[in-house]
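Listed here are the chains, written in short residue letters.
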Amino acid sequence: MQRNPRYNSQHMNQMLPPIAAGGAEVYVWHLIHFSYGIGLFSLWLAKYRLPKLLQYGKTRQKKLVGVIEPWYTSIAVPRRYFSHFYVLSFVLATANLYWFPEDVITSCIFFHSLRRLVESARVTKWGSESRMHAAHYLVGLWFYSVLNLSVYLQLNSRQRTRSPSTVNKVFGAVGAVGFLLASWDQARNHIHLAHMIKYTLPRRGLFKIVACAHYFDEIVIYASLAAMEATTRWSLTVAVIWVCANLGVSAVETKRYYDAKFKGQAVAPYALIPYIM
């Protein structure tokens, strides 16, 4: 059976980095890929050389009396500034939804950004003294900017596919189901965390298995988005890699905090991914 060479070309374009466009777009893609590389390197550097930069909320250690620390470790902002990430993502996702209303992926990212914005404003209880390092804040702004810009560039690209294959349709259906289920579970988990006494041990649902069930939901959400649409699969797969690395570090810190604080209690055996990590 002879295959359609046009279909093969479109399929290969979906699997390769989107740098075949013309003009300035190529340089924008190189800059985006480079920024992800810098982000992953910075995460490694902070984890093994500057751990203070990764701590926030309950895992952020107070400065010890008499101990002199580098000046940059004290540059912190209120943790409630997390909501700025979702304000930014909501604005950019709204623009993408306006430009590409026919693409399901723009509606899903818009919904996710809106839900997280509402949760950060109405559900999450930010402690008045809870802080995070300014580097963590800047990285969050970078990620949501690059995420939405990447989606825009791929949807606006000449490489996009108008007639998805059967495999892509199956991936899309699985992605849609995964996105809805993970979004629902994450919302429940955030409500559970908001109604807990401060810095106690979460025990509901997936929290019985993983210390950071809401982080696991986040990974499933982005993995589902990556599966959902062939045109944006590359940019969202790169985003999944970043989310896994970033939340993996935070989850390990949280698990270590729970193990130290709740010795002898039923702390979840895994930090992030059930039966794996």
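Reading the values: rules and limits
Note on numbering: residues in each chain are counted from 1, in written sequence order. Confidence filtering applies because this is a predicted model: local features only for residues at pLDDT of at least 70, side-chain atom pairs given and counted only at 80 or more, and all residues used for totals across whole chains, interfaces and linings. Only hydrogens and water are removed before side-chain values are computed, so all heavy atoms of the structure are retained for them. Predictor confidence is given residue by residue as pLDDT, running from a minimum of 0 to a maximum of 100. We call two residues in contact whenever any of their non-hydrogen atoms come within 4.5 Å of each other. UniProt positions are given in the numbering used here, feature names are shortened, and annotations may be inferred rather than shown by experiment. By definition, any uninterrupted DSSP run of H or I lasting at least four residues is a helix, any uninterrupted run of E lasting at least two residues is a strand, and each is numbered from the N terminus. What makes a salt bridge here is a side-chain nitrogen of Lys or Arg within 4 Å of a carboxyl oxygen of Asp or Glu, nothing more. When accessible area is computed with a 1.4 Å probe and restricted to protein chains, residues below 20% of their type maximum are described as buried, those above 50% as exposed, and intermediate ones as partly exposed. Here the expected length of a helix is defined as 1.5 Å per residue gap, with one fewer gap than residues. The directions considered for the arc run from the helix axis to the C-beta atoms.

**Q** Explain the confidence of the model for the protein chain to me, and be specific about the residues and the numbers.
**A** For the protein chain, mean pLDDT is 84; residues scoring 70 or higher make up 80% of the total. Low pLDDT, under 50, characterises residues 1-14; the predicted model gives this stretch seven contacts beyond four residues in sequence or across chains.

**Q** Tell me what's going on with the UniProt feature "transmembrane region" (unreviewed entry) in the protein chain, and back it up with residues and numbers.
**A** Per the UniProt entry, the sites bearing "transmembrane region" (unreviewed entry) are residues 26-46, 134-155, 167-184 and 234-252 in this numbering. Counted over residues 134-155, helix gives 100% and strand 0%. Its end C-alpha atoms are 32 Å apart.

**Q** Report on the pattern of salt bridges, specifying residues and quantitative values.
**A** Here the structure, examined in full by the defined rule, presents five salt bridges. Here Arg115 ties to Glu119 by a salt bridge, and the two come within 2.8 Å at their closest N and O atoms. Taken together, the residues span about one helical turn, with Arg115 and Glu119 both in helix H4 (residues 104-122) at a distance of four residues. Glu119 carries the same exposure label as Arg115, and that label is buried. A salt bridge links Glu119 to Arg116, with the shortest nitrogen-to-oxygen separation between them at 2.7 Å. A residue pair is termed a helical-turn pair when its members lie 3 or 4 positions apart in one helix, as Glu119 and Arg116 do in helix H4 at three residues. Judged by its relative accessible area of 10%, Arg116 falls in the buried class. Connected via shared salt-bridge partners are Arg115, Arg116 and Glu119.

**Q** Which residues make up helix H7 (residues 213-228), and what values go with them?
**A** Relative to the 22 Å expected for 16 residues at 1.5 Å per residue, H7 spans 22 Å between its end C-alpha atoms, a close match to the ideal helical length. Counting buried residues in H7 gives 14 out of 16 residues, a clear majority hidden from the surface.

**Q** Now, about helix H3 (residues 82-99): what can you tell me, with residues and values included?
**A** Here H3 spans 27 Å end to end across 18 residues, near enough to the 26 Å set by a 1.5 Å rise per residue. If you check which residues of H3 are buried, you get Phe82, Ser83, Phe85, Tyr86, Ser89, Ala93 and Asn96. Buried residues of H3, viewed axially, fall in a sector of 135 degrees; they line one side. Those residues of H3 that are buried lie in contact with H4, strand S2 (131-133) and helix H5 (134-155).

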